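The residues making up each chain are set out below.
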Amino acid sequence: MGLQGQRVVVIGGTAGIGFAVAEGAAREGARVVVASRRRENVDAALKVLPEGAEGQVLDASDEDAVRGFFARVGAYDHLVYTAGDSLLLGSVAGTDTATARNFLDTRLWGAYAAVKHGAGSIRPGGSVVLTTGTAGRRPLPGSSVASALCGAMESLTRALGVELAPLRVNVVSPGVVRTELWRELPEADREGLYRSSAESLPVGRVGEPAEVAEAYLYLMRGGYSTGSVVVVDGGGTLV
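What you see is a predicted model, and the numbers here were worked out from it, not measured in a lab.

Engineer: What's the story with the layout of surface pockets in this structure? I'm lost.
Structural biologist: Over the atoms, a rolling probe the size of a water molecule traces out where space has been left empty. What the second largest pocket holds in volume is close to 150 Å³. It is helix H5 (residues 144-163) that provides the largest number of residues to the lining of the second largest pocket, a total of four residues. Of the residues contributing to the lining of the second largest pocket, the split by class is seven nonpolar, no polar and two charged.

Here's what the structure looks like:
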């Protein structure tokens, strides 16, 4: 049931939740491959990850690049997809449609391309774990694009779980977590978001990447889960 000796590919694995997943998998004895758009992020991650970890530069919104990436990677056991730019927040009237499409390129179509080109190299018993968010279940004003993405990712996961069976496909839905996701917010606004979220959450605080990473590790290990959405949000969808 563990990950010892398995090979785990994490697209978006150089920062935030993705990096925490790579660290957690490596601690369990997995050989990890991390991919990110920026070379400096890949190099920084490899300095921290255990010896034997691999890293590649990948623009997940470029399907040709994704195809070539998996051709180089070869056989492996688990695909984790956490790649994505900062959240796009804003009113429908004030959001440029082209900008909204670009937001979906990495998070939705990048994940789609990764599964399309990467699923065939996953060994028997392996899995895919994608990433969504709680905006699809608890939308707020200004979150229309993010909410649309989250709903699409959940539906995509269920469809892939049927189409690609017996390959298991699941998705993790994090709530508010201290990651680079919020980097576009001014620091004061970002800290204010964390404080207000902590006050409203049943657990009394926002999440940390390593805590959310546990859900990805469980879904890789858990051979009886497919088409599942695992929510890790401190109870945010309850209040």
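Engineer: So what exactly am I meant to see when it comes to the pattern of salt bridges here?
Structural biologist: Opposite charge on two side chains lets them pair, provided their charged atoms get close. Scanning all chains against the criterion turns up eleven salt bridges. Between Glu28 and Arg221 there is a salt bridge whose closest N-O contact spans 2.5 Å. Highlighted residues: Glu28 in the loop between helix H1 (16-27) and strand E2 (31-36) and Arg221 in helix H7 (residues 209-221), separated in sequence by 193 residues. Judged by its relative accessible area of 24%, Glu28 falls in the partly exposed class. The partly exposed category is assigned to Arg221, whose relative accessible area is 24%. A salt bridge links Asp43 to Arg39, with the shortest nitrogen-to-oxygen separation between them at 3.3 Å. Linking Asp43 with Arg39, this pair stays in helix H2 (residues 39-48), spanning four residues, or about one helical turn. Note on Asp43: relative accessible area 35%, which makes it partly exposed. According to the relative accessible area criterion, Arg39 is partly exposed, its value standing at 43%. A single salt-bridge network, built from bridges that share partners, covers Arg137, Glu154 and Arg158.

Engineer: For this particular structure, what's the right way to read the sheet that holds strand E5 (residues 122-131)?
Structural biologist: Hydrogen bonding along the main chain pairs the strands of a sheet, whether they run parallel or antiparallel. Pairing in this open sheet of seven strands is parallel, and the strands run E3-E2-E1-E4-E5-E6-E7 from one edge to the other. The open sheet terminates on both sides in strands that have one partner only, identified here as strand E3 (54-57) and strand E7 (229-232). The average undirected angle you get between the axes of adjacent strands in this sheet is 20 degrees. This element, helix H3 (residues 63-73), spans strand E1 (7-11), E2, E3 and strand E4 (76-81) of the sheet and lies at about 160 degrees to E1. Across the face of the sheet, H7 comes into contact with E1, E4, E5, strand E6 (168-174) and E7 while running at roughly 170 degrees to E6.

Engineer: What exactly am I supposed to notice about the environment of Gly133 here?
Structural biologist: Inspection of the secondary structure assignment puts Gly133 in the loop between E5 and H5. In the structure, Gly133 is positioned 18 residues away from Gly151 in sequence and 8.7 Å away in space, judged by C-alpha atoms. In contact with Gly133, other than residues within four places in its own chain, are Cys150, Ser173 and Pro174.

Engineer: Can you help me understand the packing of H1 against H7 in this one?
Structural biologist: Two quantities define a packed helix pair, namely the angle between the axes and the distance from one axis to the other. For the pair H1 and H7, the least separation of the axes is 8 Å and the interaxial angle reads 60 degrees. For the element pair H1 / H7, the angle class is oblique. The handedness of the crossing between H1 and H7 is right-handed. Note on element contacts: H7 touches H1 through Pro209, Ala210, Val212, Ala213, Tyr216, Leu217 and Met220, opposite Gly16, Ile17, Ala20, Val21, Gly24 and Ala25. Class assignment for the residues of the contact of H1 with H7 results in eleven nonpolar, two polar and no charged.

Criteria and thresholds
- Residues numbered from 1 in each chain as written.
- Predicted model: local features only at pLDDT ≥ 70, side-chain atom pairs only at ≥ 80, totals over all residues.
- Heavy atoms only, no water.
- 1 Å grid on protein atoms, 1.4 Å probe; cavity = no way out; pocket = protein on both sides within 12 Å on 5 of 7 lines; lining within 4 Å.
- Points joined across faces, edges and corners; volume = space filled by probe spheres on them.
- Helix = DSSP H or I, 4+ residues; strand = E, 2+ residues; numbered from the N terminus.
- Nonpolar A, V, L, I, M, F, W, Y, C, P; charged D, E, K, R; others polar.
- Salt bridge = Lys/Arg side-chain N within 4 Å of Asp/Glu carboxyl O.
- Buried < 20%, exposed > 50% of the residue type's maximum accessible area, 1.4 Å probe, protein only.
- Pairing = 2+ DSSP bridges.
- Axes fitted to C-alpha atoms, helices over the stretch in contact; angles between N-to-C directions.
- Contact = heavy atoms within 4.5 Å.
- Parallel < 35°, antiparallel > 145°, perpendicular 65-115°, else oblique.
- Left-handed = near helix turned anticlockwise from the far one by under 90°.

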